[in-house]
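The residues making up each chain are set out below.
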Amino acid sequence: MSMNKSSAPRVIEITDGASIPDPRDKNLISAWSLAFVGTILCTAYLCWNDPDAYLEALKSLPGGVLVTFEVTACAILLSLPIGLFTGLGRLSRNRIINLIASTYVEVIRGIPLLVQLFYIYYGLGRLFKVPAIFAAVIAMSVCYGAYMGEVFRSGISAISKGQVEAARSLGFDRRQTMMLVVLPQAWRTILPPVGNEFIAMLKDTSLVSILAVGDILRKGREFASVTFMYFETYTMIALVYLFITLILSRCVSLMEAKLAYYDHK
Amino acid sequence: MKKLWYLALAAILGLLAAGSAFAEEKVVTVAHDCTWPPMEFVNEKQELVGYSFDYMDAVAKEAGFKVEHKNVQWDGIFAGLANGQYDVIASSVTVTPERKRQFDFSEPYYEVLQAVALPIDSTATSLDQLKGKTFGAQIGTTGKFALDKHPDVIAKSYDEVGLAFEDLINGRIDGVVCDDPVATQFALLNKDYAKKIKIGFIIPAEQVEEYAFAVNKGNQELVDLLNKGIRAVKEKGIDAQLKAKWFKSAQD
């Protein structure tokens, strides 16, 4: 992928999150398939070999998987509009809007998500008595809204100026140009890195376990705190997270391949 | 040049000899989770203090060994002991059959009950009257285990009991379950909290809960050493002095 970077300026490089398998990598044994098959075989072998420890540890997690997905899905839905408005705000010619959006991004990106979670739940908790899951979703969306804003901004600025000029000379106003010409094109550039952010978000939901939210990590820790099987439990937690993120990264890569197909058509 | 090497070698050997002479008094590393006032906590001066600190120091003095205190997270405190990061846990560990299967324990040094902290206007006197309510406890503590035995109530596990109390104050949960000296500290002695919460009742236990020092399975030598110290502390009445020092009543 990196080799094609220079010739394909529409691809934005965002390196956090999971590694997205390269759709052009058509080898039978790719890093992705190796990791995926390895994860499944490893989980199956451990559960078969020592069911009392590994299978029991695995059984303690499904409730947590549900909560993890719940938090991730809600945070995605909330962070997308926040990201879009932030991205647009960062490109706005209105100096006040621009300043607000830029300050938001600067402030949020400078504070670790863990601290934000503590701040929203325990810090502001005396003023706003929101339930833990709600606080977790808010904190994740506010944080990832800022990250996403940067993705939107770079995606929008990647659309060539000629498009805007053409639309403007055809009589579109600035708003129409953005809504009807720039955004529909930018969408395709933005989607893969946004998908990448989602995967990073899913992994970061493990942080919400400190708010006593019963996600995968907390369910596992509760199991380990009773059975003292720390190694077995954390191994299973890691494998479950890996399994989920590998599937998601596959989805993002398929989506990327599909978008690239339309690109070259 | 060669002379210099010999000199250096002699210096290193000398240091090693000095080191081993030092090590004659056994050093025991002790882990505490300092979020459990008044048993073990961090005071206003950022010092690690508490009943179990003083108790451990007294035991060490009586049994003739040196103590190195370590502040660690509760969740994982047993894993750290098993991994050999320290020799003893002196962190209000109640002896339970499950823990006894994994670790060895000294003689008990303190008796506790599971107390339930409730909002100050609550009139409940048992968990049965609070069906469907949400209760907080610290992960992996006997308070959490006591809640797990009552499927009618919803149990939430926190990293620190202090965070559970904060949620109770903020009205997000309906009660907190923890050891009675800790509940007293939070519910009665903290001025801000005392206006809003109280100790509602004690969860009846099938058997007495007792704190003891935990060591790795098979470390009989250390268990004997600790027991020797504990017996001396009890005989000399040092434990009574420590209780007077650390367990103040709400009237003070």
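Residues numbered from 1 in each chain as written. Chains lettered and ligands numbered in written order. Predicted model: local features only at pLDDT ≥ 70, side-chain atom pairs only at ≥ 80, totals over all residues.

Trainee: Would you mind going over the overall build of chain B with me for this structure?
Mentor: Looking only at helices and strands, one finds ten helices and 15 strands in chain B. With the C-alpha coordinates aligned to their principal axes, the bounding extent of chain B is approximately 80 × 40 × 40 Å. In chain B, which comprises 252 residues, the share counted as buried stands at 40%. (Helix = DSSP H or I, 4+ residues; strand = E, 2+ residues; numbered from the N terminus. Buried ≥ 20, exposed ≤ 12 C-beta atoms within 10 Å, placed from the backbone.)

Trainee: Would you mind showing me how to read the packing of helix H6 (residues 113-123) of chain A against helix H7 (residues 132-157) of chain A here?
Mentor: Each pair of packed helices can be summarised by the angle the axes make with each other and by the distance between the axes. All names here are of chain A. Close contact between H6 and H7 brings their axes to 9 Å; oriented N to C, the two are set at 135 degrees. It follows from the interaxial angle that H6 and H7 lie oblique. In this structure, the crossing between H6 and H7 has a hand that is right-handed. For the pair H6 and H7, the contacting residues are Leu113, Gln116, Leu117, Ile120 and Tyr121 in the first and Ala132, Ala135, Ala136, Ile138, Ala139, Val142 and Cys143 in the second. In terms of residue class, the contact of H6 with H7 is made up of eleven nonpolar, one polar and no charged. (Axes fitted to C-alpha atoms, helices over the stretch in contact; angles between N-to-C directions. Parallel < 35°, antiparallel > 145°, perpendicular 65-115°, else oblique. Left-handed = near helix turned anticlockwise from the far one by under 90°. Contact = placed C-beta atoms within 7 Å. Nonpolar A, V, L, I, M, F, W, Y, C, P; charged D, E, K, R; others polar.)

Trainee: What's the story with the interface of chain A and chain B in this structure? I'm lost.
Mentor: Interfaces are often sized by the accessible area lost when the parts come together. At the junction of the two partners, chain A supplies 14 residues and chain B supplies 17 residues. Residues that form the side of chain A that touches chain B fall into these classes: seven nonpolar, two polar and five charged.

Trainee: It is not clear to me how the pairing of strand E1 (residues 27-32) of chain B should be interpreted in this structure. Could you clarify?
Mentor: Regular strands show a simple pattern: their side chains alternate between the two faces of the sheet. Residue and element names in this part refer to chain B. Relative to strand E5 (residues 66-71), E1 runs parallel, the two sharing six bridges. Directly across from His32, in E5, lies its bridge partner Asn71. In terms of strand pairing, E1 meets strand E6 (residues 88-89) through two bridges, oriented parallel. When the bridges of E6 are listed, Val30 appears paired with Val88. (Pairing = 2+ DSSP bridges.)

Trainee: How should I be thinking about the packing of helix H4 (residues 62-91) of chain A against helix H5 (residues 95-109) of chain A in this particular structure?
Mentor: All names here are of chain A. Taken N-terminus to C-terminus, the directions of H4 and H5 make an angle of 125 degrees; their axes are 7 Å apart at the nearest point. Classified by the interaxial angle, the pair formed by H4 and H5 is oblique. Remark: the crossing between H4 and H5 carries left-handed chirality. Of the residues in H5, those in contact with Thr86, Gly89 and Arg90 of H4 are Ile97, Asn98, Ile100, Ala101, Ser102, Tyr104 and Val105. In the contact of H4 with H5, the residues fall into five nonpolar, four polar and one charged.

Trainee: What is the right way to read the domain arrangement of chain B from this model?
Mentor: Residue and element names in this part refer to chain B. Entries for chain B in the domain assignment read domain 1 (25-111 + 210-246) and domain 2 (114-203). Put simply, the middle of domain 1 and the middle of domain 2, counted by C-alpha atoms, are 25 Å apart. In this assembly, ten residues from domain 1 lie in contact with twelve residues from domain 2. Across the side of domain 1 that touches domain 2, the residue classes break down as five nonpolar, four polar and one charged. (Domains from an automatic or database assignment.)

Trainee: I keep staring at the pairing of strand E9 (residues 114-119) of chain B and nothing clicks. Help me out?
Mentor: Residues and elements named next belong to chain B. In terms of residue burial, E9 counts as a mostly covered element, since five of its six residues are buried. Looking at chain direction, E9 and strand E12 (residues 175-179) are connected through four bridges and run antiparallel. Of the residues in E12, the one forming a bridge with Gln114 is Asp179. Across six bridges, the pairing between E9 and strand E13 (residues 197-203) is antiparallel. Within E13, the position partnered with Ala117 by the bridge is Ile199.

Trainee: Please clarify how unusual backbone geometry should be interpreted in this entry.
Mentor: Across the chain, the bulk of peptide bonds are trans and the bulk of non-glycine residues have phi less than zero. Here the residue pair B:Pro37 and B:Pro38 is connected by a cis peptide bond, since its omega of 0 degrees sits within 30 degrees of zero. Phi is positive for A:Ala212, close to 60 degrees, though the residue is something other than glycine. One can find A:Ala212 in the loop between helix H9 (174-204) and helix H10 (216-227). At B:Ser92, a position not held by glycine, the phi torsion is positive, near 55 degrees. Turning to its location among the elements, B:Ser92 is positioned in the loop between E6 and helix H4 (97-102). According to the C-beta neighbour criterion, B:Ser92 is buried, with 25 such atoms within 10 Å.

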